[in-house]
Amino acid sequence: MTSPLQSGGDAATPSPRAAGALTIREARRQLAERLRAAGCDTPVLDARLLVEAVIEGGRTEDDALIGDQAAADLDSFAARRLAGEPVWRILGEREFWGLTFKLSPATLEPRPDTETLVEAALDSLRERRGEALSILDLGTGTGCLLIAILSELRQAKGLGIDLSGEACEVAAANALANGVGDRAAFREGDWVKGLDGRFDLIVSNPPYIPGAEIPGLDVGVRDYDPLLALDGGVDGLDPYRRFARDLPQFLAPGGIVVFEIGAGQEPDVSALMRSEGFHYHGARKDLGGHERALIFSR
Ligand code: GLN
């Protein structure tokens, strides 16, 4: 049987002692071994995070016994991880821009590459940092983009929209937990349908995976990120077509638009936006060297 973590090996490592009689260090090493044998890319890190999560109060002495309850919790986390569930899903939260975001089945897991978009937006607005800017985040998910930007632009306020009401609730809780709850609002909606107002910054990390590619994605993405957050239609460009057509009336004078894109989409997305009269200010690359965030104005 092939493991969802891509392995060949036998993941079971029988323990001669009751699980609760292992030290924390032993439990962590055993789990890392099982994850490695199952083909996990980051077995040591995942084992550390999962062990920390089951120990009350997080880190404790490595030589202490892990205890029966923590060992049982760790077993169930290990089974989930071995079935392909991403470690951050199991933990129920993920860090982004140095802030912590709760996840739910209705939200995409924030990815480090998406921080490129935050950098691009802040850079484009650096001369206006002190202004009371208004920000719109389309497809807000956990709210990570809007909340990260509001955490930097202390005079700004913003609105996050998502098709999922549950995502909006998660995002609102994340805004509160990260200290920007009084400057962030969230609403359920179909992109900008029914929206009023103009914004100085519009950001979006929309679903951009071509539909036919979804079955071939990693199990941790395909089976655990919401389909709604991934599926960009036949060619992955559906959301950008909507944006190119609908966004002009929502952009304030001097405003900018920043989108995340998928691999290889820069020519198409920049052309779509230009065809509706936007000026293209270029792309910012992510740490992997891919063009990730595209910047536009009117
Ligand atoms: N804006 C959220 C993020 O970047 C959600 C994106 C999405 O659901 N496609 O994580």
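About the thresholds
Residues numbered from 1 in each chain as written. Predicted model: local features only at pLDDT ≥ 70, side-chain atom pairs only at ≥ 80, totals over all residues. Heavy atoms only, no water. Phe/Tyr/Trp six-rings, centres within 6.5 Å; stacked < 30°, edge-to-face > 60°. Lys NZ or Arg CZ within 6 Å of the ring centre and 35° of its normal. Helix = DSSP H or I, 4+ residues; strand = E, 2+ residues; numbered from the N terminus. Buried < 20%, exposed > 50% of the residue type's maximum accessible area, 1.4 Å probe, protein only. Pairing = 2+ DSSP bridges. Salt bridge = Lys/Arg side-chain N within 4 Å of Asp/Glu carboxyl O. Axes fitted to C-alpha atoms, helices over the stretch in contact; angles between N-to-C directions. Contact = heavy atoms within 4.5 Å. Near = heavy atom within 4 Å. Polar contact = N/O pair within 3.5 Å; in protein donor to acceptor, adjacent residues only side chain to side chain. Areas by Shrake-Rupley, 256 points an atom, 1.4 Å probe, with all protein chains shown as cover. Nonpolar A, V, L, I, M, F, W, Y, C, P; charged D, E, K, R; others polar.

Chemist: So what exactly am I meant to see when it comes to the packing of aromatic side chains here?
Modeler: Aromatic ring pairs are described here by two measures, namely the spacing of the ring centres and the angle between the planes. For the structure shown, the criterion picks out eight aromatic pairs. Among the aromatic residues, ring-to-ring pairing joins Trp191, Tyr240, Phe243, Phe259, Phe278, Tyr280 and Phe296 into one connected group. The ring of phenylalanine 278 has arginine 298 lying over it, and the distance from NZ or CZ to the ring centre is 4.7 Å.

Chemist: Help me understand unusual backbone geometry in this model?
Modeler: When glycine is set aside, most residues are seen to have a negative phi, and most peptide bonds are trans. The backbone phi angle of tryptophan 97 is positive, close to 55°, even though this residue is not glycine. You can see tryptophan 97 is positioned in the loop between strand E1 (93-96) and strand E2 (99-102).

Chemist: Is there a simple way to think about the pairing of E1 in this case?
Modeler: Only one face of E1 is covered, namely the face carrying Arg94 and Phe96; the face carrying Glu93 and Glu95 is uncovered. Pairing geometry for E1 and E2, over four bridges, is antiparallel. If you follow glutamate 95 over to E2, its bridge partner there is threonine 100. Two successive antiparallel strands, E1 and E2, enclose a turn made up of two residues, where tryptophan 97 displays a positive phi of approximately 55°.

Chemist: Please clarify how the pattern of salt bridges should be interpreted in this entry.
Modeler: Opposite charge on two side chains lets them pair, provided their charged atoms get close. Counted by the stated rule, this structure contains 27 salt bridges. Here glutamate 33 and arginine 36 are joined by a salt bridge, their closest N and O atoms 3.2 Å apart. Pair noted here: glutamate 33 and arginine 36 are both in helix H1 (residues 24-37), with a separation of three residues, about one helical turn. Arginine 36 gets classed as partly exposed once you look at its relative accessible area, which sits at 44%. As a salt-bridge pair, arginine 284 and glutamate 119 come within 3.3 Å of each other at their nearest N and O atoms.

Chemist: Could you clarify how one ought to interpret the sheet that holds strand E5 (residues 184-188) in this entry?
Modeler: Taken together, seven strands build an open sheet; the order of strands is E5-E4-E3-E6-E7-E9-E8 and the sheet is mixed. In the strand order of this sheet, the two ends are held by E5 and strand E8 (279-285), each with one partner. Averaged over all neighbouring strand pairs, the angle between strand axes comes to 20°, with direction disregarded. In this sheet, strand E7 (residues 251-260) lies alongside strand E6 (residues 199-204) in parallel orientation, the contact comprising five bridges. Note that in E7 the partner of isoleucine 202 across the bridge is valine 257. Seen against the sheet, helix H5 (residues 115-124) touches E6, E7, E8 and strand E9 (291-297) and runs at an angle of roughly 160° to E7.

Chemist: How do you make sense of the site of the ligand when you look at a structure like this?
Modeler: Every residue near the ligand is listed here: Leu108, Pro110, Thr114, Gly139, Thr140, Gly141, Cys144, Asn205, Pro206, Pro207 and Ala229. One of the backbone N or O atoms of threonine 140 is found 3.3 Å from a nitrogen atom in the ligand. Expressed as a share of its isolated accessible area of 300 Å², the protein-covered part of the ligand is 96%. Residues that form the shell around the ligand fall into these classes: six nonpolar, five polar and no charged.

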